[in-house]
Amino acid sequence: MRITNKIMQNNSLYNINNNKVTEDQLNTMMSTGKKLTRPSDDPVIAIRALRLRSNVTQLSQYYEKNAKDAQSWLEVTADALSTVTSVLTDSVKQATKGANKDLTLDDLSIIVTQMDALAKEYYSTGNVDYAGRYVFTGYRTDTSLTFDKTTTADYRDINDEFNADSISDSKRILGKYLLDSSTVLSKTDEETVYQHSIIESTVGRIRLSYDNLNYVKPTPDENGNMTTNQAMLKYREELIQPATSSVDSKTDVINLTYKTLDGITRTVSVPIDNEGNYKITSDGVTYTATLNTNGHYNIEAVDATTGLEVGTFALSGDGIFLSSTGNVDSAITNIESKQVTTVTYTGDEGRISVKLPLLPAIGQTYELTLDQAGYTATVNSDGTFTIVDNNTYENTDGTYTNTIINVTANGSVNSSYKETTLIMSDDDNNILYSTSSEAEIDEAYARLASGKAMAVLNAATGEVLLNEELKARLSTLPDLINAKSIDVIYDKKEWVNGDIRPQNLFNCTYIDENAKSILYNRGSASHDIAYDVGFAQSVVVNTTADAVFTTSVRRDVQDLSKMLSELQQIDGTIKTLKEKLASTGDDAVKARVQAEIDSAQKAFNYLRDEMQQEFEHKITSNQKSLDVANIAVTANGTRAKRLDLVNQRLMNQTTTFKTLQSDNEDIDLAETATQLTTAQVTYEASLMATGKISQSSLMNYI
């Protein structure tokens, strides 16, 4: 092959350019510290870099943000729980001190005042927040645990739940109210209160979470009609065979979202069922979905109360909305398949099976009529279900019984039981009001003691009073799985500073200023706030109010304050009677005054014994609250320990992946500097060689 000078010059220039490119690349690497500036420099390194950067970004999010935020939340909770346990420990000490019968009324007053201050601190601690989010109120992080001022918030159907160990005694000194020192000198023998008139009556009691309930003695309106007040006492017992479930089939469901002519948007999921077993009732409208003979679908909506048509919806065979009639402006539809769970149990009526389509939650509760006659299911806002057998059994004592089954969102049974309901109403004279007289209260205790009444609601003090038979039955109820055995349903409207908001503890309904009902805690799903702290790993950081706080701490103080007030009142009566005894010279009057002094002293002795027993009960009650708080401390500490382990692993993983990222992307500075020097020398040498080649030609040899 003939090599000419031109070929040599071209090759030299090509090599000079390559050497310059190499030097430029090395210069860029030295200035950026990276192995490449564009993916085309090295596709393998580029792909690996993208993956490693993604891993490092995720780990940084977990380690530097999520985990630290979760740790801060847990630390704030731990500090609050420490305060709670300290307060309850002090409260137990005060209750122990108050159980000494030798204490004076002034001593007792000091102890009760101290316990009241501790109770206020206990509840105010529940309002602690982290970064503006209340830590004990579950998903409602913008709402405090307690009311911060006196208010009239209308809460209805508060489901106050208890177990058998919550049944206690309520004692009342019958006839005590007749002791009146102001009129003693003018009383006749018949009006004088003798010791045999002072009787201690004991009945069963369920102390509710609140007092001053929203019940007012009814009075006739302008038409002579009277409003009936009522509250319900429900108690639950085990089924013969608890409910089980299995997801064994599927059903097609039409998801319908439509706007009415009034501009109201409604969303509902309706199972397709030509036999009419499944019906959906939501916002007062009942929906049924059927398949027509032409393969198209039809949804009919009627008013649940009047039965009048609200509208109809026509859909194609693939679920596309075609047309509508009635109060419908526009609609969107689609069809999807949903699982069906079969729930089976054995009750007093035998073995029962009912099919439950697992319909989606839509942000509010709605009702589903099931395939078994008389059975309905409430689809709760949290995605869980409550199946109710509406075929109630009427008992001879005026109560009625039906079956309740709570099902989780995935179709498994959460709890099942038969529930007996007793209605307390003023129609039966079974509600005491704040305006009820002392004689009416005495009469209620007498009716309970004699068995003429089963239960009486004292709305003023927040108590359900029980006769002996019902007390014995409730106090022996077995504990149920995932459910309390007693439920009292009532209304309350007046709240004071420090009262726990009922939505933080109970299933209830709030009526807002626009008369709109807001349902709270319908269902069994927990309010767990979890932080993602790793690949497919999360840590629950919040402790909900029901895991720490009880209303019993405040109610304990209210019981003691009420009893102390009665003691101070009767003590004042005794002192006044003794003064009047000393001031009169009439022997007959003296005898009557002395008789009232003896009666008052008997009442005082009863109350003082009750006060001592009450303090002893408060030791146990406060200790239970302390035990609950200690369990919460342990649970929070367990989460914190787990988070520490996760943090340690995240730190190690972050270090490892950053090292791999650096090894993949970053240059070795010394090696690159050496390579750059070599490239510079090579470049300069190529220039010199090319210069010499360029100087030589054929003419030099002619």
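Structure shown above.
All values derive from a computational prediction rather than experimental measurement.

Let us now look at the overall build of the chain. Of the regular secondary structure elements, the chain holds eight helices and 29 strands. Its C-alpha atoms give the chain a radius of gyration of 39 Å, more than 25% over the compact-globule value 27 Å for 702 residues. When its C-alpha atoms are laid out on the principal axes, the chain stretches across 170 × 75 × 50 Å. Residue burial in the chain is summarised as follows: out of 702 residues, 45% are buried. Restricting the contact set of the chain to residue pairs at least 6 apart, pairs at least 24 apart contribute 67%. Taking the average location of the 64 positive side-chain charges in the chain and that of its 95 negative ones, the two points are 8 Å from each other.

The subject of this paragraph is the packing of helix α3 (residues 105-125) against helix α6 (residues 552-583). Packing of α3 against α6 brings their axes to within 9 Å, and their N-to-C directions diverge by 160°. If you check the angle between α3 and α6, you find them roughly antiparallel. The element α3 and its partner α6 pack so that their crossing is left-handed. When α3 is examined against α6, the residues Leu105, Leu108, Ser109, Val112, Met115, Asp116, Ala119, Tyr122 and Tyr123 are found in contact with a partner set consisting of Ser552, Val553, Arg554, Val557, Leu560, Ser561, Leu564, Leu567, Gln568 and Asp571. Here the contact of α3 with α6 is built from residues that sort into 12 nonpolar, four polar and three charged.

What follows covers the pairing of strand β13 (residues 321-326). Note: strand β12 (residues 309-315) against β13, five bridges, orientation antiparallel. In the strand pairing of β13, Leu315 is matched with Phe321. Between β12 and β13, which pair antiparallel one after the other, the connecting turn spans five residues, and Gly319 there sits at a positive phi close to 90°.

On to helix α5 (residues 468-475). Within the sequence span of α5, burial applies to Leu470, Lys471 and Leu474. End-on view of α5: buried residues confined to an arc of 100°, all on one side of the axis. Turned more than 90 degrees away from the buried face of α5 sit Glu468 and Glu469, all of them exposed.

A sheet is described by the order of its strands in space; here five strands give the open sequence β4-β5-β24-β23-β22, paired in mixed fashion. Each edge of the sheet is formed by a strand with only one pairing partner; in this case those strands are β4 (167-174) and β22 (431-432). Where strand β23 (residues 455-458) meets strand β24 (residues 463-466), four bridges bridge the pair, whose relative direction is antiparallel. Within β24, the position partnered with Leu457 by the bridge is Val464. Packed onto the sheet, helix α4 (residues 438-450) meets β4, β5 (199-207), β22, β23 and β24 and runs at close to 125° relative to β4.

On to the pairing of strand β9 (residues 279-282), then. Here β9 shows a clear split, with Ile280 and Ser282 buried on one side and none of Lys279 and Thr281 buried on the other. Here β9 pairs with strand β16 (residues 366-369) via three bridges, running antiparallel. Paired with Thr281 across the bridge in β16 is Glu367. Sheet analysis places β9 next to strand β10 (residues 285-291), joined by three bridges and oriented antiparallel.

Take the environment of His196 next. Position of His196 among the secondary structure elements: in the loop between β4 and β5. Judged by relative accessible area, which is 62%, His196 ranks as exposed. Put simply, His196 and Glu596 are 400 residues apart on the chain and 11 Å apart in space, counted from C-alpha to C-alpha.

Now for the layout of surface pockets. What the second largest pocket holds in volume is close to 370 Å³. Along the walls of the second largest pocket sit 23 residues, with Asp348, Tyr393, Thr401, Asn402 and Lys418 positioned nearest its centre. Ranked by residues supplied to the lining of the second largest pocket, first place goes to strand β20 (residues 400-407) with three residues. In terms of residue class, the lining of the second largest pocket is made up of six nonpolar, nine polar and eight charged.

Any two side chains of opposite charge can pair, so long as their charged atoms come close to each other. Following the criterion strictly, the structure yields 28 salt bridges and no others. Among the salt bridges present, the one from Lys234 reaches Glu419, with a minimum N-O distance of 3.6 Å. Separated by 185 residues along the polypeptide, Lys234 in strand β6 (residues 230-237) and Glu419 in strand β21 (residues 413-425) bring together distant segments of the chain. The two residues Lys234 and Glu419 agree in class, both being buried. The residue Arg554 makes a salt bridge to Asp499 at a minimum N-O spacing of 3.4 Å. Of the two residues, Arg554 is situated in helix α6 and Asp499 in the loop between β25 (486-495) and β26 (507-511); the sequence distance between them amounts to 55 residues. Under the relative-accessibility criterion, Arg554 is labelled partly exposed at 22%.

Turning to the packing of aromatic side chains, a few remarks are in order. Taken as a whole, this structure holds 12 aromatic pairs when the rule is applied. With a centroid separation of 5.2 Å and an interplanar angle of 80°, the aromatic rings of Phe136 and Phe549 are classed as edge-to-face. Placement of the pair is Phe136 in the loop between β2 (133-134) and β3 (151-162) and Phe549 in the loop between β29 (537-540) and α6, with a sequence separation of 413 residues. Each member of the pair, Phe136 as well as Phe549, carries the same accessibility label: buried. Between Tyr210 and Trp495, the ring centres sit 4.9 Å apart and the planes meet at 85°, which makes this aromatic pair edge-to-face. Remark: Trp495 occurs in strand β25 and Tyr210 occurs in the loop between β5 and β6; sequence separation between them is 285 residues. For the residue pair Tyr210 and Trp495, the accessibility class agrees, reading buried in each case. Members of the aromatic cluster, connected to one another through ring pairs, are Phe147, Tyr155, Tyr210, Trp495, Phe506 and Tyr510.

Moving on, we get to the environment of Asn647. Mapped onto the elements, Asn647 comes out in helix α7 (residues 587-665). Judged by relative accessible area, which is 12%, Asn647 ranks as buried. The spatial distance from the C-alpha of Asn647 to the C-alpha of Asn458 is 54 Å, given a sequence separation of 189 residues. Each residue touching Asn647, except ones within four places of it in the same chain, is listed here: Tyr63, Ala67 and Gln71.

What counts, and where the lines are drawn
- Positions within a chain are numbered from 1, following the residues in the order the chain's sequence is written.
- This being a predicted model, a pLDDT of at least 70 is required before a residue's local features are given, and a value of 80 or more before pairs of side-chain atoms are given or counted; all residues contribute to the totals for chains, interfaces and linings.
- Remark: hydrogens and water are excluded; side-chain values derive from all non-hydrogen atoms of the structure.
- Each helix is a run of H or I in the DSSP string that is no shorter than four residues. Each strand is a run of E no shorter than two, and both are numbered from the N terminus.
- Taken over C-alpha atoms, the radius of gyration is set against a globule rule of 2.2 Å times the number of residues to the power 0.38.
- When a residue's accessible area, from a 1.4 Å probe over protein chains only, is under 20% of the maximum for its type it is buried; when over 50% it is exposed; and in between it is partly exposed.
- Whether two residues are in contact is decided by their heavy atoms, any of which lying within 4.5 Å being enough.
- The charge count includes Lys and Arg as positive and Asp and Glu as negative, but it does not include His or the ends of the chains.
- For the purpose of locating charges, the reference atoms are NZ of Lys, CZ of Arg, CG of Asp and CD of Glu.
- The angle between two axes is taken between their N-to-C directions and runs from 0 to 180 degrees, where each axis is a line fitted to C-alpha atoms and a helix contributes only its stretch in contact.
- Each angle receives one of four descriptions, namely roughly parallel if under 35 degrees, roughly antiparallel if over 145, roughly perpendicular if within 65 to 115, and oblique otherwise.
- Left-handed describes a crossing in which the near helix is turned anticlockwise from the far one by less than a right angle; the clockwise case is right-handed.
- Nonpolar residues are Ala, Val, Leu, Ile, Met, Phe, Trp, Tyr, Cys and Pro. Charged residues are Asp, Glu, Lys and Arg, and all others, Gly as well, are polar.
- Between any two strands, at least two bridges found by DSSP are needed for them to pair.
- By arc we mean the arc of the directions from the helix axis to the C-beta atoms, nothing more.
- Cavity and pocket criteria rest on a 1 Å grid covering protein atoms alone: a 1.4 Å probe that fits but cannot get out defines a cavity, protein on both sides within 12 Å along at least 5 of 7 lines defines an open pocket, and an atom within 4 Å of a point defines a lining residue.
- Grid points are joined across faces, edges and corners, and a volume is the space filled by probe spheres set on the points.
- When a carboxyl oxygen of Asp or Glu is within 4 Å of a side-chain nitrogen of Lys or Arg, the pair counts as a salt bridge.
- Paired rings are identified among Phe, Tyr and Trp, the last through its six-membered ring, by centres lying within 6.5 Å, and are further divided according to the angle between planes into stacked (under 30 degrees), edge-to-face (over 60) and tilted (the rest).

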